[in-house]
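Commentary on secondary and tertiary structure
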Amino acid sequence: EKVYGLLGHPIGHSMSPLIHNDAFLNVGIKANYQAFDVEPQMLGNAIKGIKALGIAGCNVTVPHKIAVMNFLDEVDEEAKLIGAVNTIVNQNGKLIGHNTDGRGYVQSLIEETNEEIINKRFLIIGAGGAARGVITALLRHGIEELTITNRTQDKIEPLLELANLFQTPASRATREEVERNLDGFDVLINTTSVGMSPRIEDSPLSLNNLRAGAIASDLIYNPLKTKFLKEAEERGGTSHTGIGMFVNQAALSFEHWTGIKPDHQRMRKLVL
Ligand code: ATR
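Everything numeric in this text was worked out from a predicted model, so none of it was measured.

**Comments concerning the overall build of the protein**
- Counting its regular elements, the protein contains 10 helices and 12 strands.
- For 272 residues, the compact-globule formula gives about 19 Å, and the C-alpha radius of gyration of the protein, at 19 Å, lands near that figure.
- Taken along the three principal axes of its C-alpha coordinates, the protein extends 55 × 35 × 35 Å.
- Expressed as a percentage of its 272 residues, the buried residues of the protein come to 43%.
- Here the contacts in the protein between residues at least 6 apart in sequence split such that 65% fall between residues at least 24 apart.

**Topic: the UniProt feature "domain: SDH C-terminal" (unreviewed entry) in the protein**
- On the UniProt side, "domain: SDH C-terminal" (unreviewed entry) is annotated at positions that read residues 242-272 here.
- In residues 242-272, helix accounts for 77% and strand for 0%; the two terminal C-alpha atoms are 11 Å from one another.

**Some remarks on the UniProt feature "domain: Shikimate dehydrogenase substrate binding N-terminal" (unreviewed entry) in the protein**
- On the UniProt side, "domain: Shikimate dehydrogenase substrate binding N-terminal" (unreviewed entry) is annotated at positions that read residues 6-88 here.
- As annotated, residues 6-88 has a helix share of 35% and a strand share of 22%, and its two end C-alpha atoms lie 10 Å apart.

**Looking at helix H5 (residues 129-141)**
- The first and last C-alpha atoms of H5 sit 19 Å apart over 13 residues, in line with the 18 Å expected at 1.5 Å per residue.
- The buried fraction of H5 is high, at 10 of 13 residues.
- The complete set of buried residues in H5 reads Ala 130, Ala 131, Arg 132, Gly 133, Val 134, Ile 135, Thr 136, Ala 137, Leu 138 and Leu 139.
- Looking at the packing, one finds that the buried side of H5 touches helix H3 (77-82), helix H4 (101-113), strand S7 (121-125), strand S8 (145-149), helix H6 (157-165) and strand S10 (187-190).
- Taken from the residues just after H5, Gly 142 is the one with a positive phi, measuring 105 degrees.

What counts as what
- Residues numbered from 1 in each chain as written.
- Predicted model: local features only at pLDDT ≥ 70, side-chain atom pairs only at ≥ 80, totals over all residues.
- Helix = DSSP H or I, 4+ residues; strand = E, 2+ residues; numbered from the N terminus.
- Rg over C-alpha atoms; globule rule 2.2 N^0.38 Å.
- Buried ≥ 20, exposed ≤ 12 C-beta atoms within 10 Å, placed from the backbone.
- Contact = placed C-beta atoms within 7 Å.
- UniProt positions renumbered as here; feature names shortened; annotations may be inferred.
- Expected span 1.5 Å × (residues − 1).

Structure below.
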């Protein structure tokens, strides 16, 4: 029986053991996926433990996604661009890092909105690690332009440089500018934690000037429909929740480990 795991701190709330154990069972692989609460100063030892114990693969979550890169043998191109790893594959003792968050998100956006996203005008709200994952995947997929807004404007700069690597026009804007010109965006993506339980009454932007038919997308899935998404719907927008990203990143990790594409609908039902 193979062992897989999640490294995070804290990890109590994670749904990953539930969906991965069910997926292993469902495809007929004898394996056990377990959450490990790893304190930041123990991360290097935990990674050595993966090798020593022959753990076959891991997910990595907050706060270890960036630091873990220092302890791996190899990091793939996408994870390097994002600057974070959420999936480790133990390939005969060699630990290889991947990042499935961004690709999982873009897959979900396309599947659930049924829209061709290439020619859309994107607004990214936030400039943290989650924003970087989403932006990297959008740029790799190919989009025409994006605007980034963040409470702390300085943090936007490295993301503009990232867009520059892909020769994609990108600009920054303040919250006030964005709110005034909101009708200039087709897809608005909230990558911040604003609106997450328990602070469900908060929204990252005022949506008074939303274009009818615009897509509002949130990485948050607890609550499933954030205030941001509810307000967008009230103004004639379409909403896209974070649940698909969570399911898809897990499914892509599972594929890295097993080569098998798990049943996404089954995973989704378990999480909802
Ligand atoms: P993550 O990896 O989840 O993106 P992060 O790197 O800490 O986490 O980034 C959190 C993002 O949410 C940032 O864009 C942050 O804005 P700042 O860069 O100004 O800190 C944003 N954020 C968090 N709380 C916020 C709040 N109350 N209002 C506005 N933005 C907030």
